[in-house]
Each structure stands twice: as structure tokens, then as C-alpha cells.
Amino acid sequence: MKNFLVKTIANAGALGVAIWLLKDITLTGDNTGRQALTLILVALVFGVVNVVVKPIVKLLAFPLFILTLGLITLVINALMLLLTSWLAGKLDLSFDVDGFGTAVLGGLVVSIVAWALHVVLPDDKD
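If you're wondering where the values come from, they're calculated on a predicted model, not measured in any experiment.

Draft legend 1. Looking closely at the UniProt feature "transmembrane region" (unreviewed entry) in the chain. Taking the numbering used here, the UniProt-annotated feature "transmembrane region" (unreviewed entry) corresponds to residues 5-22, 34-53, 60-88 and 100-121. Each end of residues 5-22 is marked by a C-alpha atom, and these two atoms are 26 Å apart; helix forms 94% of the span and strand 0%. In residues 60-88, the share of helix is 86% and the share of strand is 0%. The end C-alpha atoms are 25 Å apart.

Draft legend 2. Representation of helix 6 (residues 100-120). Over its 21 residues, helix 6 runs 30 Å from end to end, which matches the ideal 30 Å to within 8%, given 1.5 Å per residue. Among all positions in helix 6, only Thr102, Ala103, Gly106, Gly107, Val109, Val110, Val113 and Ala114 are buried. Summarising the contacts, the buried residues of helix 6 are in contact with helix 1 (2-21), strand 1 (25-27), helix 2 (32-52), helix 5 (72-90) and strand 2 (95-97).

Draft legend 3. Examining helix 1 more closely. The first and last C-alpha atoms of helix 1 sit 29 Å apart over 20 residues, in line with the 28 Å expected at 1.5 Å per residue. If you check which residues of helix 1 are buried, you get Val6, Thr8, Ala10, Asn11, Ala12, Ala14, Leu15, Ala18 and Ile19.

Here is what the cut-offs are and how they apply
- Residues numbered from 1 in each chain as written.
- Predicted model: local features only at pLDDT ≥ 70, side-chain atom pairs only at ≥ 80, totals over all residues.
- Heavy atoms only, no water.
- UniProt positions renumbered as here; feature names shortened; annotations may be inferred.
- Helix = DSSP H or I, 4+ residues; strand = E, 2+ residues; numbered from the N terminus.
- Expected span 1.5 Å × (residues − 1).
- Buried < 20%, exposed > 50% of the residue type's maximum accessible area, 1.4 Å probe, protein only.
- Contact = heavy atoms within 4.5 Å.

What follows is the structure, given as C-alpha cells:
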């Protein structure tokens, strides 16, 4: 449970940094509390997408991993961010990623920040 909470907090922080850095990734809400709740819910959706969909896509794209020496990961991360944006829209969460280029940059930012937060935050392995 603690590991799940840490990953959700790291995802929320990483998504928050991406929203802050990139103007085409938006999170709207009536007030700060509503935005924070929406960010946590979007982080949960993002976590589910990464746990359920991403391994399947990685398996199917394995030949491209070899061919591109892993650079296809940027595209897969962008697609996961776009899928999260689409699901957030279906769940009536006010999170939007506008365009594939923004999704690539957002995926890069989210990956770097989430990695850094996973290094800093404790988990069950300690």
C-alpha cells in the first residue's frame, strides 16, 4: 500500500511539473483544492494506464525498441500521456494534453521528474 501511495504522489508531482512547464498541458478547476484533487485523480488514471496498457504496448513494440535503441520509449510515453488525457476527459476530469508534440515533451518531463521523485521518496524496499 505504501508503494502505491508513493508512486501516486510521484506521478502527481511529475504531472504537476509538466503542467507548470508546458502551456499546452492544462489542468483547470474552480479553486486550488479542486485542482489538487483533480491532479491526484489524474495521477491515479496515469498509474493505471502505465500498469495495464504500457506493458502490452512495450511487448508489441519490442522490435522497434531494438531498431531505435530504445528511443521509441519517448513515443510510447507520449501515447500513454495522450491516453490519460482522453480517459480524463471521459471521466470528466479537467486535464488536457493538446497535441502529440506536447505529449512527447510532457512524457519526457514526467519520466525525468517521476524518476527523480522515486529516488527521493521512500518505498517498501527500504
